[in-house]
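Below are the chains, spelled out letter by letter.
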Amino acid sequence: MQRKAVSLISGGLDSMLATRVVMDQGIHVEGINFFTGFCVEGHTHAIRKQDQNKQKRNNALWVAEQLGIKLHIIDIVEDYKDIVINPKHGYGQNLNPCLDCKVFMVSRAKQWMEENGFDFIITGEVVGQRPMSQRRATMPIVSKNSGADDRLVRPLCAHNLPETLPEREGWLKREALYGFSGRSRKPQIALAEKMGLDDFAQPAGGCCFLTDASYSRKLSDLWENRGEKTYELDDIMLLKVGRHIRPRPWFKLIIGREEGENNFLNGYRKQFPHLFATSHTGPLALVDGELRDDEDRRLAAAITARFGHGKKADSVDVTLENTDGTGMQLKVAPISEENLPREWYV
Amino acid sequence: MSVHKVDARRLLCPMPVIRLQDAVKKAAPGDIISVVCTDPGTMSDIPAWCRINGHRLQSAVQDGSEYFFEVETGNEP
Ligand code: SF4
């Protein structure tokens, strides 16, 4: 009977190699890829016009195609919130809850495995590769807390870990697995070469935006100023776009930096009050929060004016539109550099 | 054979692919899924997803800022 494994495909090299190693032992493998909302794939490229000529391939799909396996993309946006908001094992260097994230993903893979009659799970983890989630001490935590136990195989570092069920049962030959460890990428590159794989993606920091310092700062700012740790998919998408300027704790402006971003922000006009200059060309600015009084409205308009072609004009006409279509016209002087302190930039 | 429509406008990849995948799951083999998207990334992701999972991409057409796809579902879910 041909055994079946489900492999967590991130789009990076390690999960690609781990999958190939298992396929080469005659196992039927299908891939699973999780969409958390924080994935680095595509988004910013799709939004920013200047990036649109860059390669837009989705690496997980690309890897699956190279390997000749099916790929199931699973939307975990809702359930993942609790991982980001309340990680039991805390955060890494930024707001990346890597250990809880791994446990969660493997547990979802286990659920998928059971629903689809598969036998075991593969990940591309390597002992000692990442400071938080891939230490020797955390590997058993992932196996145990996910409930996958000895049905979780890490083919790239299997020799450094206890024998798993597929090895014991003879579905996998232990000697055909590997014993990689540490941060060096050399063994992986060598194995890729041996397998004739090239052109693979090598994400530097991690697989998601939560490992990015400036992104994490924007997310912390959002939580702090809302007074609660929550988010919606739109919130976290918008953190990837535009300049974020917070002049007051109760409101922040999201200002498009170029045409592509302005087009993207345009799609949110019914959800956020917004400002744009009418006497000059310029960006769209979404208001996240509330403009409490005239002073707030004039300040928001003056900041919006500064980022358009009316930057040096004495006066710029700005329209403020509410989500219900009502609005007002303001005539303002663009805010000067001195009056726009660095600390307002999130 | 029936035709199912998926509106994935304003969604960014991989959401349009996930919507297509969900529609395929509910459809019968041979049904047509017609998808409209605005993320240019779908021009590479949707064809790749179809090739990998054994569905037939009948057409992929750009019209201004919108991308239209017609996918014939294969035999396997
Ligand atoms: S980098 Fe992001 S996706 Fe990867 S394990 Fe850490 S939290 Fe999860």
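The residue numbers shown here count from 1 along each chain, following its written sequence. Key to labels: chains lettered from A, ligands numbered from 1, both in the order written. In keeping with the model being predicted, local features are shown solely for residues with a pLDDT of at least 70 and side-chain atom pairs are shown and tallied solely at 80 or more, while totals for entire chains, interfaces and linings include all residues. Hydrogens and water molecules were not included; the side-chain quantities draw on all heavy atoms of the structure.

**Considering the overall build of chain B**
Reasoning step 1: From N to C terminus, chain B includes two helices and four strands.
Reasoning step 2: For the purposes of this entry, the term helix denotes a DSSP run of H or I that reaches at least four residues, the term strand denotes a run of E that reaches at least two, and both are numbered from the N terminus. Mapped in sequence order, the helices and strands of chain B form the string β-α-β-α-β-β.
Reasoning step 3: Every radius of gyration here is taken over C-alpha atoms, with the globule rule written as 2.2 Å times N^0.38, N being the number of residues. Its C-alpha radius of gyration of 11 Å places chain B within 12% of the 11 Å reference for a compact globule of 77 residues.
Reasoning step 4: For chain B, the spread of C-alpha atoms along the principal axes amounts to about 30 × 20 × 20 Å.
Reasoning step 5: Burial statistics for chain B: of 77 residues in total, 51% are counted as buried.
Reasoning step 6: The long-range fraction of contacts in chain B, counting pairs at least 24 apart against all pairs at least 6 apart in sequence, stands at 66%.
Reasoning step 7: Note on areas: these come from Shrake-Rupley sampling with a 1.4 Å probe, and a residue is covered only by the protein chains present in the view. Working note: accessible area of chain B is about 3,600 Å², and carbon and sulfur atoms make up 49% of it.
Reasoning step 8: Charge convention: Lys and Arg are scored as positive, Asp and Glu as negative, and His as well as the terminal groups of each chain are ignored. Where a charge sits is defined by one atom per residue type, namely NZ (Lys), CZ (Arg), CG (Asp) or CD (Glu). For chain B, the distance from the average site of its 8 positive side-chain charges to the average site of its 10 negative ones is 4 Å. Relative accessibility decides the category of a residue: with a 1.4 Å probe and only protein chains considered, values under 20% of the type maximum give buried, values over 50% give exposed, and everything between is partly exposed. Whether two residues touch is decided by their heavy atoms; if any such pair falls within 4.5 Å, the residues are in contact.

**Focus: the sheet that holds strand β4 (residues 66–72) of chain B**
All names here are of chain B.
Reasoning step 1: Strand pairing is assigned whenever DSSP identifies at least 2 bridges connecting the two strands. Reading across the sheet, the four strands line up as β1-β2-β4-β3 and stay open at both edges, with mixed pairing between neighbours. Of all strands in the sheet, those with a lone pairing partner are β1 (3–8) and β3 (56–63), marking the two edges. Pairwise comparison of adjacent strand axes, ignoring direction, gives a mean angle of 15 degrees for this sheet.
Reasoning step 2: When β3 meets β4, the two strands line up antiparallel, connected through seven bridges. Considered in β4, the bridge of R56 is made with E72.
Reasoning step 3: Axes, fitted as lines to C-alpha atoms, cover a helix only where it is in contact. Angles between the N-to-C directions of the axes lie from 0 to 180 degrees. Sitting on the sheet, helix α2 (residues 42–53) is in contact with β2 (32–37), β3 and β4, with an inclination near 5 degrees to β4.

**Observations regarding the nonpolar core**
Reasoning step 1: Among the buried residues, those of types Ala, Val, Leu, Ile, Met, Phe, Trp, Tyr and Cys that are joined through side-chain atoms within 4.5 Å form a nonpolar core. Residues F120 of chain A together with I33 and V35 of chain B are the most contacted members of the largest nonpolar core, which totals 70 residues.
Reasoning step 2: The split of the chain into domains comes from an automatic or database domain assignment. Residues from two domains meet in this core; each of domain 1 (4–209) and domain 2 (241–344) of chain A gives at least three.
Reasoning step 3: Setting aside chain neighbours within four positions, we find V35 of chain B in contact with V6, A8, L20, I46, Y67, F68 and F69 of chain B.
Reasoning step 4: The next biggest cluster of nonpolar side chains, apart from the first, holds 36 residues, and it includes F38, I74, L99 and F104 of chain A.

**Some words on the packing of aromatic side chains**
All names here are of chain A.
Reasoning step 1: Pairing of aromatic side chains requires ring centres within 6.5 Å, counting the rings of Phe and Tyr and the six-membered ring of Trp. Pairs whose planes differ by under 30 degrees are stacked, by over 60 edge-to-face, and all others tilted. Taken as a whole and assessed by the stated rule, the structure comprises ten aromatic pairs over all chains.
Reasoning step 2: Summarising the aromatic geometry, the rings of Y268 and F272 are spaced 6.1 Å apart at their centres and angled 65 degrees between planes, so their arrangement reads as edge-to-face. Of the two residues, Y268 and F272, both sit in the buried class.
Reasoning step 3: Across from the ring centre of Y345, 4.4 Å away, lies the NZ or CZ of R342, which sits over that ring. Whether a charge sits over a ring comes down to the Lys NZ or Arg CZ being within 6 Å of the ring centre and within 35 degrees of the ring normal.

**A closer look at the confidence of the model for chain B**
Reasoning step 1: Confidence of the predictor in every single residue is expressed as pLDDT, which spans 0 to 100. Mean pLDDT for chain B: 93, with 97% of residues reaching 70 or above.
Reasoning step 2: Scoring of the predicted complex yields 0.90 for pTM and 0.92 for ipTM.

**Some points on the interface of chain A and chain B**
Reasoning step 1: Contacts between the two partners involve 24 residues from chain A and, on the opposite side, 20 residues from chain B.
Reasoning step 2: Computed with a 1.4 Å rolling probe, the buried area is the accessible surface lost when two parts are put together, summed over both parts. Interface area, chain A with chain B, both sides summed: about 1,800 Å², of which 61% is carbon and sulfur.
Reasoning step 3: When the buried surface of chain A facing chain B is broken down by residue, L61, K70 and I73 of chain A rank first, second and third, together holding 30% of it.
Reasoning step 4: Any Lys or Arg side-chain nitrogen located within 4 Å of an Asp or Glu carboxyl oxygen qualifies as a salt bridge. Across the contact surface, chain A and chain B share one salt bridge.
Reasoning step 5: Measuring nitrogen to oxygen at the nearest pair gives 2.4 Å for the salt bridge that ties E65 of chain A to R51 of chain B.
Reasoning step 6: N or O atoms within 3.5 Å of each other form a polar contact, as long as, within protein, one can give a hydrogen and the other can take it, and as long as residues adjacent in sequence are counted only when both atoms are side-chain atoms. Here chain A and chain B share five residue pairs in polar contact (both at pLDDT 80 or more) between them.
Reasoning step 7: For the side of chain A that touches chain B, the elements supplying multiple residues, two or more each, are α2 (43–47), α3 (59–67) and β3 (71–75) of chain A.

**Points about the pattern of salt bridges**
Reasoning step 1: Applying the stated criterion across every chain yields a total of 23 salt bridges over all chains.
Reasoning step 2: The salt bridge partner of E72 of chain B is R56 of chain B, with a shortest N-O separation of 3.4 Å. Linking E72 of chain B in strand β4 with R56 of chain B in strand β3, this pair joins segments that are 16 residues apart in sequence.
Reasoning step 3: Exposure remark for E72 of chain B: the relative accessible area of 24% places this residue in the partly exposed category.
Reasoning step 4: Connected through salt bridges with shared partners, the residues E78, K81 and E232 of chain A form a single ionic network.

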